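This is what each chain is made of:
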Amino acid sequence: MKEIVILIAELVNDFHDVLLRISTMLGWNLTDKELHLWVLGMIGITMFLVVDVTFKYVSKWSITFISFIYTFTVLFVIVFAIEIQQKITGRGNMEFLDAIIGIWGFLLFFAAYLLIRTFHYFLKVLLRKNQS
């Protein structure tokens, strides 16, 4: 896990340096803060537009699916924040497998939720059918 975080950090830092050099070559001379404003602003609005279109389409099908995507995304961030916190504080082991197992835990509990919900749905359909 440590190696993956270091690799990602190095890639981000290299990309950051290249963007600063390009901005200087173009005569823009962006500060670090200005670079962050532009790059994260563009990434953010692009992500928003893709997510907005996707969620509008999916909302016609299932709000539960949107809830799942949101929960999964937030959980993903929390899991990796916990692993990074363990590395920083030295409490626990920072391992990629821990993160994967944590996410599998959510998927397992969500599958159980879907089974219960499906059973409940079919039970309601069966009861309505018998009342008719």
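No experiment lies behind these values; they were computed from the predicted model shown.

Draft legend 1. Examining the packing of helix H3 (residues 63–89) against helix H4 (residues 96–131) more closely. Put simply, H3 and H4 touch, their axes get as near as 9 Å, and they point 155 degrees apart. Between H3 and H4, the interaxial angle falls into the category roughly antiparallel. Viewed along their axes, H3 and H4 form a crossing whose handedness is right-handed. The residues of H4 that touch H3, namely those facing Thr 64, Phe 68, Thr 71, Phe 72, Leu 75, Phe 76, Val 79, Phe 80, Glu 83 and Gln 86, are Phe 96, Asp 98, Ala 99, Ile 103, Phe 106, Leu 107, Phe 110, Tyr 113 and Arg 117. The residue inventory of the contact of H3 with H4, partitioned by class, reads 13 nonpolar, three polar and three charged.

Draft legend 2. Fine view of the confidence of the model for the protein. Scored by pLDDT, the protein comes out at a mean of 89, with 99% of its residues at no less than 70. Model confidence for the protein, summarised as mean pLDDT per element, is weakest for helix H1 (residues 2–25) at 85 and strongest for H4 at 92.

Draft legend 3. Molecular detail of the environment of Leu 35. Within the secondary structure, Leu 35 sits in helix H2 (residues 32–59). On the accessibility criterion, Leu 35 (5% relative accessible area) is buried. Along the backbone, Leu 35 and Ser 23 are twelve residues apart, and their C-alpha atoms lie at a distance of 8.6 Å. Setting aside chain neighbours within four positions, we find Leu 35 in contact with His 16, Leu 19, Leu 20 and Leu 30.

Draft legend 4. Just the side chain of Ser 23, in detail. Examined against the element boundaries, Ser 23 turns out to sit in helix H1. Relative accessible area serves as the criterion here: at 2%, Ser 23 is assigned to the buried category. Not counting chain neighbours up to four residues away, the residues in contact with Ser 23 comprise Trp 28, Asn 29 and Leu 30.

Draft legend 5. Broad picture of the pattern of salt bridges. Across all of its chains, the model carries one salt bridge by this definition. Lys 56 is the partner of Asp 52 in a salt bridge, and the nearest nitrogen-oxygen pair spans 3.2 Å. A residue pair is termed a helical-turn pair when its members lie 3 or 4 positions apart in one helix, as Asp 52 and Lys 56 do in helix H2 at four residues. Judged by relative accessible area, which is 51%, Lys 56 ranks as exposed.

So, how was this worked out
Residues numbered from 1 in each chain as written. Predicted model: local features only at pLDDT ≥ 70, side-chain atom pairs only at ≥ 80, totals over all residues. Heavy atoms only, no water. Axes fitted to C-alpha atoms, helices over the stretch in contact; angles between N-to-C directions. Helix = DSSP H or I, 4+ residues; strand = E, 2+ residues; numbered from the N terminus. Parallel < 35°, antiparallel > 145°, perpendicular 65-115°, else oblique. Left-handed = near helix turned anticlockwise from the far one by under 90°. Contact = heavy atoms within 4.5 Å. Nonpolar A, V, L, I, M, F, W, Y, C, P; charged D, E, K, R; others polar. pLDDT = per-residue confidence, 0-100. Buried < 20%, exposed > 50% of the residue type's maximum accessible area, 1.4 Å probe, protein only. Salt bridge = Lys/Arg side-chain N within 4 Å of Asp/Glu carboxyl O.

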